[in-house]
Amino acid sequence: WIGHKQGHGGTGVFPIYLQTPADPANPGEPDFWAYCIEHDIPVQVDRPGGIGDPSDYLGNNYYADPVVQGKVLWVLAHSYPAISLEDLAAAAGVESISRYDAIEATQYAVWRYTELTSDANWNWAGSDDEAATEAVYWHLINDANANAGLTPADRAATVTVTAPSAS
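All figures in this text were calculated on a predicted structure; none of them were measured in a lab.

The rules behind these values
Every chain's residues receive numbers from 1 upward, in the order its sequence appears when written. Owing to the predicted nature of the model, reporting of local features is limited to residues with pLDDT of at least 70; listing and counting of side-chain atom pairs is limited to 80 or more, with chain, interface and lining totals taken over all residues. Hydrogens and waters are ignored; side-chain quantities use all the structure's heavy atoms. For the purposes of this entry, the term helix denotes a DSSP run of H or I that reaches at least four residues, the term strand denotes a run of E that reaches at least two, and both are numbered from the N terminus. Two residues qualify as a contact provided that any one of their heavy atoms is within 4.5 Å of a heavy atom in the partner residue. Residue exposure ignores everything except the shown protein chains as possible cover, and the areas themselves are Shrake-Rupley values with a 1.4 Å probe. To define a nonpolar core, start from buried Ala, Val, Leu, Ile, Met, Phe, Trp, Tyr and Cys residues and group those joined through side-chain atoms within 4.5 Å. Here's how the labels work: a residue is buried when its accessible area is under 20% of the maximum for its type, exposed when over 50%, partly exposed in between, all with a 1.4 Å probe on protein chains only. Axes here refer to lines fitted to C-alpha atoms; in helices the fit is confined to the stretch in contact. Angles between the N-to-C directions go from 0 to 180 degrees. What sets the label is the angle itself: under 35 degrees gives roughly parallel, over 145 gives roughly antiparallel, 65 to 115 gives roughly perpendicular, and the rest give oblique. Crossings are assigned a handedness: left-handed for a near helix turned anticlockwise from the far helix by less than a right angle, right-handed for a clockwise turn. Ten residues, namely Ala, Val, Leu, Ile, Met, Phe, Trp, Tyr, Cys and Pro, are considered nonpolar, four, namely Asp, Glu, Lys and Arg, are considered charged, and the remaining ones, Gly among them, are considered polar.

A. Here's a closer look at the overall build of the protein chain. On a plain count of helices and strands, the protein chain comes out with four helices and two strands. In sequence order, the secondary structure elements of the protein chain are arranged as β-β-α-α-α-α. Within the protein chain, counting contacts between residues at least 6 apart in sequence, those at least 24 apart form 59% of the total. Approximately 9,700 Å² of the protein chain is accessible, and the part contributed by carbon and sulfur atoms is 51%.

B. Fine view of the nonpolar core. Membership of the largest hydrophobic core comes to 34 residues, with the highest contact counts inside it found for Val 75, Tyr 113, Val 136, Tyr 137 and Leu 140. Contributions of two or more residues to this core are made by β1 (13-16), α1 (66-77), α2 (85-92), α3 (99-114) and α4 (130-146). Counting residues per element, this core draws most heavily on α3, which supplies eight residues. Beyond its immediate chain neighbours, meaning those up to four positions away, Tyr 137 contacts Ala 105, Tyr 108, Ala 109, Arg 112, Asp 119, Ala 120, Trp 122 and Trp 124.

C. A look at the packing of α1 against α4. Between α1 and α4, the least distance of the axes is 9 Å, while the angle of their chain directions is 130°. Overall, the two elements α1 and α4 adopt an arrangement that is oblique. For α1 against α4, the interelement crossing comes out right-handed. Between α1, through Lys 71, Trp 74 and Val 75, and α4, the contact on the second element is made entirely by Leu 140, Asp 143, Ala 144 and Asn 145. Residue composition of the contact of α1 with α4, grouped by class: four nonpolar, one polar and two charged.

So, to be careful, I would describe these as geometric facts and stop short of saying anything about function.
Spelled out as structure tokens, the structure:
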């Protein structure tokens, strides 16, 4: 189930619930958060959605390229909400960043790969702190470009449990 966007004006992140909330008007904490990978396709909220593998992507932009998928996954793994606002600000070399500014920087970084083939002059005017938002954006882009990218398998976790020898 896809909840309502949170973020500045045209950028945002969407809460994703594995089950339709009992009270959709007050859904509680989501199971996941999702960014848009298609700039001009509006997200339909308050309705069921599907979770799929990147190879299931039905859109028509650069995200179909596995290299772009790797860059986008890298951005998502190194941005908010995958890491805290404090850790993101520190990684970008800024004193602090607001939640909505972190979301904006991340959304623009995703669209930089999925919708463009080069860097763009994004509109930072809606930001609480334009300089911090732009610094986080460039941190995500520069580090993603310097990295080979990620695959879904890179984000998998392995857990081993050893039981005691006595009952």
